[in-house]
There are 2 protein chains.
Amino acid sequence: MRTNFGAKALLYPMPVLIIGTYDADGNPDAMNAAWGGIADDTQINICLSPTHKTVANLKATGAFTVSVATANYVAECDYFGIESGNKVSDKIARAGMHVTKSTLVNAPIIDELPFCLECKVISYDDKTCRLLGEIVNVNADESIVVNGKIDVQKLAPITFDSSNHAYIKLGDKVDNAFKDGSKFKN
Amino acid sequence: MRTNFGAKALLYPMPVLIIGTYDADGNPDAMNAAWGGIADDTQINICLSPTHKTVANLKATGAFTVSVATANYVAECDYFGIESGNKVSDKIARAGMHVTKSTLVNAPIIDELPFCLECKVISYDDKTCRLLGEIVNVNADESIVVNGKIDVQKLAPITFDSSNHAYIKLGDKVDNAFKDGSKFKN
């Protein structure tokens, strides 16, 4: 038996995207978004209501960063979603976090979050709330890089469970005994 | 110190979306996609190359389903990504899975995967590979519904680690002792 929930924005996993921007005066802000994902080889797609300070900022600068929220900073990352940048102009500092300006785009990299996409705005549509960004560079702190690759366990990203308004850690790798598909090929 | 990876489609977590479609003759197919996410209240956005059988199918029917891949069917869900529906016309049956036709859209619900979005095609663009779908209904098997909500532990969704080409389970809920943001408000 299946239960119907109607037309809803439910998906598992949903990411916890921390979007970093500067305003026109170079003041950094961060917000938390769950509705988004990779849109192409080098593009990311995120749904952002036009009233966000972040949207005013990225319209002014043409740039943003996307950091992945991590388990050890869940309170800080949740705060970036609860508090509005239109009301509090120093959310990042209040959360005890720090930024370094990207050398590639006009947007702040949050020092404490070890995985970050540096992006240029391709388009933003007020009507559909759709932000499309060009991923100019992916950077990662050396603390989460092993043999030249991201180590997911060290990164410890969190996901958003909108059904229960909770954050969930990633767990273990799933063993796939048939990764060549041979089980099903004959 | 940060390591630069260049312009890449890396994000954590990435979902494992199993897209179900019928061809013009009502033959069901399934594929595996990681590049996508919620696009709006009731919309999903997925990047799909136009050569996929799935794309020909959803152009013909105007509909598709999105099931979430689960840990206990990782081999089957991986197979849906390895094998092409253009070569093998009975991938779902070969994987030992079964379908029930949605009563809302012309697309198959995969019985063994307990969480499913039923979607109508809003648009598909061959050039950008962008599929935009209207989520008409979310349905879930009763085995994963507790007190009227999805139980993420029972669903056991998997995520895709493109950096290591691995599938990863979700883990535990993260305790957020400051979920009202009070830690940072003064």
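J.: Summarise the relation of the copies chain A and chain B; cite the residues concerned and give the values.
T.: Between chain A and chain B, which share one sequence, the superposing operator has a rotation angle of 180° and an axial displacement of 0.0 Å; the RMSD is 0.0 Å. Considering both components of the superposition, the chain copies are consistent with a two-fold axis. Mapped onto chain B, 100% of the interface residues of chain A are again interface residues, and the two copies thus contact each other with one and the same surface.

J.: Kindly report on the interface of chain A and chain B, identifying the contributing residues and their values.
T.: Across the boundary between the two partners, chain A contributes 88 residues, which contact 88 residues of chain B. On the chain A side of the interface with chain B, the three residues burying the most area are Arg2, Tyr12 and Phe184 of chain A, jointly 12% of the side's total. Connecting chain A to chain B are zero salt bridges. When the residues that make up the side of chain A that touches chain B are grouped by side-chain class, the tally is 47 nonpolar, 18 polar and 23 charged. In this structure, strand β15 (residues 166-173) of chain A lies alongside strand β15 (residues 166-173) of chain B, joined through three bridges in antiparallel fashion. When the bridges of β15 of chain B are listed, lysine 173 of chain A appears paired with isoleucine 168 of chain B.

J.: Account for the packing of aromatic side chains, naming residues and giving values.
T.: Inspection of the entire model under this criterion finds eight aromatic pairs over all chains. When the centroid spacing of 5.3 Å and the interplanar angle of 85° are considered together, the rings of tyrosine 12 of chain A and phenylalanine 115 of chain B count as edge-to-face. Here the residue tyrosine 12 of chain A occupies a position in the loop between β1 (2-6) and β2 (14-15), and phenylalanine 115 of chain B occupies one in strand β10 (residues 115-125), the pair thus bridging two chains. One exposure class covers both tyrosine 12 of chain A and phenylalanine 115 of chain B, and it is buried. Clustering of aromatic rings is evident, with ring pairs tying together Tyr79 and Phe80 of chain A together with Phe184 of chain B.

J.: Would you mind going over empty space enclosed by the protein in detail, with residue names and values included?
T.: All names here are of chain B. Following the criterion strictly, the structure yields one cavity of 30 Å³ or more and no others. Looking at the largest cavity, its volume works out to about 50 Å³. Of all elements in the fold, only β4 (28-33) and α1 (53-61) reach the threshold of two or more residues within the lining of the largest cavity.

J.: Describe in detail the pattern of salt bridges, supporting the description with residues and values.
T.: Residues and elements named next belong to chain A. A complete count under the given rule lists four salt bridges over all chains for this structure. The salt bridge involving lysine 59 is made with aspartate 126; its shortest N-O contact spans 2.9 Å. Here the residue lysine 59 occupies a position in helix α1 (residues 53-61), and aspartate 126 occupies one in the loop between β10 (115-125) and β11 (130-141), the gap between them amounting to 67 residues. Looking at aspartate 126, the relative accessible area reads 40%, which means it is partly exposed. In this structure, aspartate 90 engages arginine 94 in a salt bridge whose closest nitrogen and oxygen atoms are separated by 3.0 Å.

Cut-offs applied
Residues numbered from 1 in each chain as written. Chains lettered and ligands numbered in written order. Predicted model: local features only at pLDDT ≥ 70, side-chain atom pairs only at ≥ 80, totals over all residues. Heavy atoms only, no water. Least-squares fit on C-alpha atoms with pLDDT ≥ 70 in both. Contact = heavy atoms within 4.5 Å. Buried area = accessible area lost by both parts, 1.4 Å probe. Salt bridge = Lys/Arg side-chain N within 4 Å of Asp/Glu carboxyl O. Nonpolar A, V, L, I, M, F, W, Y, C, P; charged D, E, K, R; others polar. Pairing = 2+ DSSP bridges. Helix = DSSP H or I, 4+ residues; strand = E, 2+ residues; numbered from the N terminus. Phe/Tyr/Trp six-rings, centres within 6.5 Å; stacked < 30°, edge-to-face > 60°. Buried < 20%, exposed > 50% of the residue type's maximum accessible area, 1.4 Å probe, protein only. 1 Å grid on protein atoms, 1.4 Å probe; cavity = no way out; pocket = protein on both sides within 12 Å on 5 of 7 lines; lining within 4 Å. Points joined across faces, edges and corners; volume = space filled by probe spheres on them.

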